[in-house]
Amino acid sequence: MSPMIARARNTRRRTRQRQAILSILPVVLVLLAIRAYPIVFAAAKSVTNWNGLYTSDYVGFANYARLLKGEVFWTLVRNNFVLLLNVPIQVFLGLVVAVLLHERVWGWRFFRSLYYVPQIISAVIIGYLFRTLFSMDGPINIVLARIGLMPEALEWLGNTATALGVIVFCLVWSSVGWQAIVFMGGLSAIPESVFEAARIDGAGFWRRTFQVAVPMIVRVVEYAVMLSVVWTFTGLFPFIFSLTRGGPGYETTTLDYMIYLRSFVSGVNLGEACAIAMLLLLIILALTVVEMKATNSMDDWSE
Amino acid sequence: MRKVLRITVLLALSLVLVVAFTGCAKKEAKKLTVWIPGRDSYIGPDEQKKAQEEWYISKAFKRFEKANPGVTVELVVEPDAAAAHQTFKAAAVAGTAPDVANLWSGQYTFGIKDAVRPIDDIVPKNDLANLVGWETMRDDFKADGKLYGYAGYTVTLCFFFYNKTLVKKAGLDFEANPPRTTQDFDAALEKIKKTGVVPIVTDESFPWLNLYVAVYWWYQMSGPDRILSDCLGKTKFADDAGLLAMLDYYHALWQKGYVNRDAATSSDYWAKFLQGKAALTPQVTLVMSDAIAALGADNVGILAPPEIDAKAPFATDRAVGGTGGALVVSKNSKNPDLAVKLISFLSSKAETMELLKTQAFVPIRKDISAADMGYKPGSVQDKMYSFKDKYIYFVDNILTPGVVDEYYKLCPLVLVGKMTPKKFAESLDAKAAEMKK
Amino acid sequence: MSRMDGRSGAGKLAIFIVQTLIALTFLYPLFFMMQNSLKTRPAYYTNPFNLPVAPLQFANFSAMVSQFKILLLFRNTLIVCLGTLALLILLGILSSYAFAKLRFRWSQPVYLAIVITLFIPAQVTMIPMYVQFARIGLVNSFGGVVLAYLAQFIPEVVMLMTANFRSIPNEIIEASEIDGANYWDVVRHVILPTGRAAIFLTVIFYFIVMWNDLFIPMVLLQKMDMRTVMVALASLIARYTGDPPYQFAGLLLSAIPAIAVYVVFQQYIIKGLTAGAIK
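Residues numbered from 1 in each chain as written. Chains lettered and ligands numbered in written order. Predicted model: local features only at pLDDT ≥ 70, side-chain atom pairs only at ≥ 80, totals over all residues. Heavy atoms only, no water.

1. Focus on the overall build of chain B
What chain B contains, in helices and strands, is 17 helices and 11 strands. For chain B, the C-alpha atoms occupy an extent of roughly 85 × 55 × 50 Å along the three principal directions. Across the 437 residues that make up chain B, the buried fraction comes to 61%. When contacts within chain B are restricted to residue pairs at least 6 apart in sequence, those whose partners lie at least 24 apart make up 74%. Carbon and sulfur atoms form 57% of the exposed surface of chain B, whose accessible area is close to 16800 Å². (Helix = DSSP H or I, 4+ residues; strand = E, 2+ residues; numbered from the N terminus. Buried < 20%, exposed > 50% of the residue type's maximum accessible area, 1.4 Å probe, protein only. Contact = heavy atoms within 4.5 Å. Areas by Shrake-Rupley, 256 points an atom, 1.4 Å probe, with all protein chains shown as cover.)

2. Quick word on the nonpolar core
Judged by nonpolar contacts, the single largest core of 372 residues is most densely connected at F183 of chain A together with I57, F88, W218, L280 and Y407 of chain B. Of the residues forming this core, the biggest block, 17 residues, is contributed by helix 9 (residues 160-187) of chain A. Excluding its chain neighbours within four sequence positions, the residues that come into contact with L280 of chain B are F160, F161, Y162, F174, F185, L189, I192, P199, I200, V201, F273 and L303 of chain B. (Core = buried A, V, L, I, M, F, W, Y, C linked by side-chain atoms within 4.5 Å.)

3. Regarding the pairing of strand 3 (residues 100-104) of chain B
Residues and elements named next belong to chain B. The buried fraction of strand 3 is high, at five of five residues. In terms of strand pairing, strand 1 (residues 31-37) meets strand 3 through two bridges, oriented parallel. Its bridge partner lying in strand 3, W35 is registered against A101. Both strand 3 and strand 10 (residues 325-329) contribute to a ladder of five bridges, which runs antiparallel. When the sheet's bridge partners are listed, N102 is paired in strand 10 with L327. (Pairing = 2+ DSSP bridges.)

4. Quick word on the domain arrangement of chain B
All names here are of chain B. Once the domains are mapped, chain B shows domain 1 (29-152 + 323-347) and domain 2 (157-320 + 393-436). Each partner contributes residues to the interface: domain 1 has 10 residues there, and domain 2 has 11 residues. The three residues of domain 1 that bury the most area against domain 2 are Q107, Y108 and F141, which together make up 60% of that side's buried surface. Across the domain 1-domain 2 interface, the total number found is zero salt bridges. For the pair domain 1 and domain 2, the interface holds five residue pairs in polar contact (both at pLDDT 80 or more). Of the residues contributing to the side of domain 1 that touches domain 2, the split by class is two nonpolar, six polar and two charged. (Domains from an automatic or database assignment. Buried area = accessible area lost by both parts, 1.4 Å probe. Salt bridge = Lys/Arg side-chain N within 4 Å of Asp/Glu carboxyl O. Polar contact = N/O pair within 3.5 Å; in protein donor to acceptor, adjacent residues only side chain to side chain. Nonpolar A, V, L, I, M, F, W, Y, C, P; charged D, E, K, R; others polar.)

5. Points about a positive patch on the surface
A cluster of like positive charges, contributed by R13, R14 and R18 of chain A together with R103 of chain C, occupies part of the molecular surface. With respect to the helices and strands, R14 of chain A occurs in helix 1 (residues 3-45). The class for R14 of chain A is exposed, based on a relative accessible area of 56%. (Patch = residues over 30% accessible without salt bridge, like charges linked within 9 Å, V, L, I, M, F, W, Y side chains within 5 Å. Lys, Arg positive; Asp, Glu negative; His and termini not counted. Charge placed at Lys NZ, Arg CZ, Asp CG, Glu CD.)

6. Side note on unusual backbone geometry
With an omega dihedral of -5°, the bond running from G247 of chain A to P248 of chain A counts as a cis peptide bond. If you trace the backbone, P248 of chain A turns up in the loop between helix 13 (237-243) and helix 14 (255-265). Despite not being glycine, D140 of chain B shows a phi value in the positive range, around 55°. Mapped onto the elements of the fold, D140 of chain B is located in the loop between helix 5 (125-130) and strand 4 (149-151). In this structure, K69 of chain C is a non-glycine residue whose phi angle is positive, near 60°. By secondary structure assignment, the location of K69 of chain C is in the loop between helix 3 (59-66) and helix 4 (70-101).

7. Thoughts on the pairing of strand 9 (residues 319-322) of chain B
The two faces of a sheet get side chains in turn, since along a regular strand they alternate between them. Residue and element names in this part refer to chain B. Here strand 9 shows a buried face lined by A319 and G321 and a second buried face lined by V320 and G322. Bridge count for strand 5 (residues 156-163) against strand 9 is three bridges, and the pairing is antiparallel. Note that in strand 9 the partner of T156 across the bridge is G322. For strand 9 and strand 11 (residues 391-393), the ladder comprises three bridges, and the chain directions are parallel. Within strand 11, the residue paired with V320 across the bridge is I392.

8. Side note on the sheet that holds strand 10 of chain B
Residue and element names in this part refer to chain B. Taken together, five strands build an open sheet; the order of strands is 2-1-3-10-4 and the sheet is mixed. Taken across any chain shown, the strands that pair with only one partner, and hence form the sheet edges, are strand 2 (72-78) and strand 4. Each neighbouring strand pair of the sheet contributes to a mean axis angle of 25°, computed without reference to strand direction. Taken together, the seven bridges between strand 1 and strand 2 define a ladder with parallel strand orientation. Bridge pairing in strand 2 links W35 to V76. Taken strand by strand, helix 2 (residues 56-67) contacts strand 1 and strand 2, and its axis lies near 160° from that of strand 2. Across the sheet, helix 3 (residues 81-94) lies against strand 1, strand 2, strand 3 and strand 10, angled at about 130° from strand 3, the strand it touches most. (Axes fitted to C-alpha atoms, helices over the stretch in contact; angles between N-to-C directions.)

9. Regarding the interface of chain B and chain C
Counting from both sides, the interface comprises 53 residues of chain B and, opposite them, 44 residues of chain C. A buried area of about 4000 Å², summed over both sides, lies between chain B and chain C, and 63% of it is on carbon and sulfur atoms. When the area that chain B buries against chain C is broken down by residue, the three leading residues are R39, K49 and P79 of chain B, summing to 17%. Our count for the chain B to chain C interface comes out at three salt bridges. Note that D290 of chain B is salt-bridged to R41 of chain C, the shortest N-O span being 3.3 Å.

10. Let's talk about the domain arrangement of chain C
Where interface size is quoted, it is often the accessible area lost as the parts come together. Residues and elements named next belong to chain C. Taken domain by domain, chain C comprises domain 1 (9-59) and domain 2 (62-274). Of note, the centres of domain 1 and domain 2, computed from C-alpha atoms alone, are 30 Å apart. Listed per partner, the contact involves 13 residues of domain 1 and 12 residues of domain 2. Interface area for domain 1 against domain 2, summed over the two sides, is near 960 Å², with a carbon-plus-sulfur share of 71%. For domain 1, the biggest contributors to the area lost against domain 2 are M33, R41 and A59; these three give 43% of the whole. Put simply, domain 1 and domain 2 have zero salt bridges between them. One can count four residue pairs in polar contact (both at pLDDT 80 or more) joining domain 1 with domain 2. Going through the elements one at a time, helix 1 (9-37) and helix 2 (41-46) are the ones with two or more residues in the side of domain 1 that touches domain 2. Looking at the side of domain 1 that touches domain 2, the element that brings in the most residues is helix 1, giving six residues.

11. Points about the packing of aromatic side chains
Counting across every chain of the model gives 73 aromatic pairs over all chains. On the basis of an interplanar angle of 65° and a centroid distance of 5.9 Å, the ring pair of Y37 of chain A and F41 of chain A is categorised as edge-to-face. Here F41 of chain A and Y37 of chain A lie together in helix 1, a separation of four residues that amounts to about one turn. Clustering of aromatic rings is evident, with ring pairs tying together F110, F141, Y148, F206, W208, Y212, Y269, Y393, F394 and Y408 of chain B together with Y240 of chain C. The residue whose ring lies beneath R261 of chain B is W254 of chain B, and the NZ or CZ to ring-centre distance is 4.1 Å. (Phe/Tyr/Trp six-rings, centres within 6.5 Å; stacked < 30°, edge-to-face > 60°. Lys NZ or Arg CZ within 6 Å of the ring centre and 35° of its normal.)

12. Some points on the confidence of the model for chain B
The share of residues in chain B with pLDDT of 70 or more is 95%, and the mean pLDDT across the chain is 91. Note on residues 23-28 of chain B: pLDDT is under 50 here. Beyond four places in sequence and across chains, it has three contacts. (pLDDT = per-residue confidence, 0-100.)

13. A few points about the pattern of salt bridges
Residues and elements named next belong to chain B. Under the criterion given, the structure shown has 36 salt bridges over all chains. D120 serves as the salt-bridge partner of R138, at 3.5 Å between the closest nitrogen and oxygen. Of the two residues, R138 is situated in the loop between helix 5 and strand 4 and D120 in the loop between helix 4 (107-110) and helix 5; the sequence distance between them amounts to 18 residues. The salt bridge involving K256 is made with D186; its shortest N-O contact spans 2.9 Å. Placement of the pair is K256 in the loop between helix 9 (241-255) and helix 10 (269-274) and D186 in helix 7 (residues 182-194), with a sequence separation of 70 residues.

14. Topic: the interface of chain C and chain A
Counting residues at the interface gives 86 residues for chain C, matched by 84 residues for chain A. For the pair chain C and chain A, the two sides together bury roughly 8300 Å², of which 73% comes from carbon and sulfur. Our count for the chain C to chain A interface comes out at one salt bridge. With a shortest N-O distance of 3.2 Å, E177 of chain C and R16 of chain A are connected by a salt bridge. For the interface between chain C and chain A, the tally reads 10 residue pairs in polar contact (both at pLDDT 80 or more). Mapped by element, the contributors of at least two residues to the side of chain C that touches chain A are helix 1, helix 4, helix 5 (107-116), helix 6 (122-135), helix 7 (142-166), helix 10 (196-211) and helix 13 (244-270) of chain C. At 15 residues, helix 1 of chain C tops the list of elements feeding residues into the side of chain C that touches chain A. Along the lines of polarity and charge, the residues of the side of chain C that touches chain A split into 61 nonpolar, 17 polar and eight charged.

Below, the structure is given as structure tokens:
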């Protein structure tokens, strides 16, 4: 390699480095100023008995010990992990819908506008409607009785398994539109020729979707999965609140709902709420690392 | 490259400018900020359909400003009364808590007491004489505890609302012959059940039946001091005979079919009652007008809970209720005397009568009679009013934080038999022990 | 012209019917709110699921506009949403370009650190954020809410845009650089056109999320004339009583801008590579 080309390459690399650093600087500054402080604060408070006001005595790992030794915490973790079921279902259905709309099925313009509507409606209303739908005298039980599948009405929200199932259904229903729109965006970057070729080769819908489209938008799928997983751990509060209030007992309470209970309702041991948040952070972090290793995202960084 | 640098600097500068500019706070002399919930407060049920200037409370503030030149009062509507306790705390830590806040009494106030200015030294003596509810605002309910504020503007009362037609159909008359013992109550409910109608309908995911009726039985057997000492871990819930007796009867009601099967998760209990499909439902008097609108004024009655024991040591012939609200002055306030003056003004007889024109409720003044309120003798409002001094204070405002959360969460399980009373009591004990540290 | 030629007619019909049924369920909540916004309060509580009877309470809608001042609330919410969106898009594009295409040391750990800030639920950060903002005078200011939203959403935006920008072929960028394009030229002529799907997705998604958000504005914007629409509507329901018909009227009116944004911008996500790409 001639020294001139090597020098040019070095200059380009240094320029690129500088550009890169300046590009991310505003974001890093904003996050350091506004997100890092609360996170450090929460970590610090999690080892105290902070009551939200002026009482804040160091208690070591007492909050953590109490949580990890109690039964309730593990019920919450179980609930969050069971509710994770909503993610593969959402993603799968979102992909199907995205490909269908991308391929312009009959009425696609009309349907495209409608899929996103659940995202626009308040989660509290959606939760309330699902609660009513699955209530003892609600439509689902009525229909099931009429078609003879279930002679005796089931109290869907009264049993752990069925209550969690209803919640999963509700979450999937609300989020399919979002998944679809994310994947449609991803699909729009794929040249039409690829699909044409697949069709000419006689590939059916499922093969076109999962063996042609998905590999081309893997990073987008990964983004959707990661965000949905994080959402399942941090964003379910309004749904749980209006669907089941976390009940019966703690059977459908999730970790973020518990944080709400501990910090908003009685609000006396906010240190404990912070401890739950820290544990939540660790769980999500672990899941994310596993997910990134599984999809080999690390490769992206070593190009 | 330099262009990038220039733009980044410009961006940073503009961010700083935005921050600085929008951060300018104007300081005014003698300004009071008051937090009030959007409903179930000084703001009446239909007032948000009118412009803010038309609200009773806005006009009241104007009257106060006129009587106190140089003072301005700013109203801030709390979007959510429960969350307001936490935003109040955050504001207190930051030094920006409002002068006056309308929150909840009892343990809810004690939870924020470090941010509240006690008013023993500035509360007018005649308010202490003419208003009720002071004991719910004294530290730990002790008679000599620090006074943290005024009790909220109304005495809320809880009863079984009942459908007179359905009850009559079962051959009963709760006005002439209300069931006063649990045996009579069971018999009455059995008769109602036989007519094919749900006797009691409720949604225990917010434990209406327990908190607004059943706790009366606990209270009347064990008394408030015992309840408090259980919470503090000095005695045990598991040894509290009153609690266990109450829970047994509570579960028995469901077990015998007197309460709707899906009580733990019901979403339509209130609709069922308003449609005339259920005979009784535990409720607060605040929703009386909706019940009357749906069923007719002659068709709605209220029934106080029966006695679990005729010789109950701590209370008989009472309903659950009390001054659930609170008016506190924050420690941040630069004008605490003025703040108390405002609260006293709002609690005066003149202002209370004015407020009564926009909403019907039981006032906290001792010198207002049912006739003053325009209640017809024999009407359901009149009967409600007769319990003005006959209530036991909300037990969920007595239960300490932590314990009260556990109580809320687990009592529906006891109702439908998914948890035994003993296990419930033990969970409460565990929580009390935890909170003790 | 459908891209789906070659599918059987029965298959097409089945898909259409299934989608119609699903679409009906998506529309039901709006219908539910509509029918109930025309009832009186006792009528709603008596039966939330039947059709309203005369007289229809159109007054709920007119009161929302004239008395509840919902247009003022819209203005406040718009200020916050548009302000944040502008910054999200600008900062998102620049930093995602860096992560996706400009190789530099520490890019992976920095990216991971940014993503981690996503993992803390809002309730826990509320008090420290409030105290911090109060100390620098950012409470009761639109700038404060914009900053809070920016900090909350920029990690997700960066994730989305980085994922999207990665698929831009390096050859296009290198070609334009050989043609003499500098940093801004590359962003303007290569990244923006090919990454537009991510940009418009950001606009749609985050506008709607911020428009519907309750928590952050509830904590940071308390003055009556600065409230956002969801915070104001929340005050209509209390623990014991509420005015759902009135609130539904407000929610329906609020849904209009959100739906409008979606309908207008969704087509830009689909338009694809053909427009604006450098040859």
